[in-house]
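Residue-level structural notes
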Amino acid sequence: MNRRHFLSASLALGAGALLARLRGSETFARDILQVQAGGLNSKGIKKVVKTDAEWKQLLTPEQYNVMREKGTEVPYSSPLNDIHDKGIFECAACELPLFSSSAKFDSGTGWPSFWAPIKKENVREQADNSLSMTRTEVLCARCDAHSGHVFDDGPKPTGLRYCMNGVALKFVKKV
C-alpha cells in the first residue's frame, strides 16, 4: 500500500468514526461507504446506501425479497408484462431510469424483458453462480438492487434479453 492510499484511507476511517460518534453507530457503515466512495460509483452516479431496516421500511416484503435478497418473483405475475405504453421503467427502490418501453419485448418467459438498458451506466452486471449455473445478474447502479438477469438469446439489435423482475421496476408513463 502506498503512502497516499494509506493516508486517504486513514482519513476516510477517521471521518467515519467521527460521524459514527455524532450520529450513532447504526449509520456508521453507510457513512464509511459514502466517505470512502465520495458518494459516487465509478460511473458517476450518486450511490444510495441504506441499512436493511431502512430498505424494509421503503420496500414491500416482495420487493425486499427480490431487490435486497436476490429472490425471483413468480413468472407471469407482474402487471408490467401487459404494459405497452410509452414510458420509462425505473428502479422501484431509487427511481433511477433503467429501461425504456421502446426496448421492451415479449420474451415469452413471464418476466418483463428488454433488449437494452436506457443507459449502460445505469445498470451494473456481475456473475451469479447460484442455482448450479453461471448467469449474469443485473443490478441498479445507484442502489445495487437486484433487478434480474441478462441472457444472450434476445432479439436484434443487441441479441440480449434483460429478464427483469417486475417488482424491481416502476413504470412512469410518458405524457
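The structure under discussion appears in the preceding block.
Notes on the structure follow. (Residues numbered from 1 in each chain as written. Predicted model: local features only at pLDDT ≥ 70, side-chain atom pairs only at ≥ 80, totals over all residues. Heavy atoms only, no water.)

1. Quick look at the environment of Ile88
The condition that has to hold: Helix and strand definitions here come from DSSP, where helices need a minimum of 4 consecutive H or I residues and strands a minimum of 2 consecutive E residues; each element is numbered from the N-terminal end. Partly exposed residues are those whose accessible area sits between 20% and 50% of the maximum for their type, while under 20% is buried and over 50% is exposed, using a 1.4 Å probe and protein chains only. Throughout, a contact is declared for two residues whenever any of their heavy atoms are within 4.5 Å.
You can see Ile88 is positioned in strand S1 (residues 87-91). With relative accessibility at 26%, the residue Ile88 sits in the partly exposed group. In sequence terms Ile88 and Ser101 are 13 residues apart; their C-alpha atoms lie 5.9 Å from each other. Contacts of Ile88, omitting those with residues within four sequence positions, involve Pro97, Phe99, Ser100, Ile118, Lys170, Phe171 and Val172.

2. Overview of the sheet that holds strand S3 (residues 104-105)
Selection rule: A strand pair is defined by DSSP finding two or more bridges across the two strands.
Here we have six strands laid out as an open sheet, ordered S3-S4-S8-S7-S6-S5, and antiparallel in their pairing. Pairing within the sheet leaves two strands with one partner each, and these edge strands are S3 and strand S5 (123-128). Sheet analysis places S3 next to strand S4 (residues 113-114), joined by two bridges and oriented antiparallel. By the bridge assignment for S4, Lys104 is matched with Phe114.

3. Structural notes on the packing of aromatic side chains
Rules: When two rings of Phe, Tyr or Trp (its six-membered ring) have centres within 6.5 Å they constitute a pair, described as stacked for plane angles under 30 degrees, edge-to-face for angles over 60, and tilted for the intermediate range.
According to the stated counting rule, one finds four aromatic pairs in the structure shown. Relative to Phe171, the ring of Phe89 lies with its centre 4.8 Å away and its plane at 50°, an arrangement referred to as tilted. Placement of Phe89 in strand S1 and of Phe171 in strand S9 (residues 169-173) is noted, with a sequence separation of 82 residues between them. The pair Phe89 / Phe171 is uniform in exposure class, with both members buried.

4. Examining the pairing of S5
Relative to strand S6 (residues 135-140), S5 runs antiparallel, the two sharing six bridges. What sits directly across from Ala127, in S6, is Thr136. Where S5 folds back onto S6 in an antiparallel hairpin, the turn is made up of six residues, including Leu131, whose phi is positive at roughly 60°.

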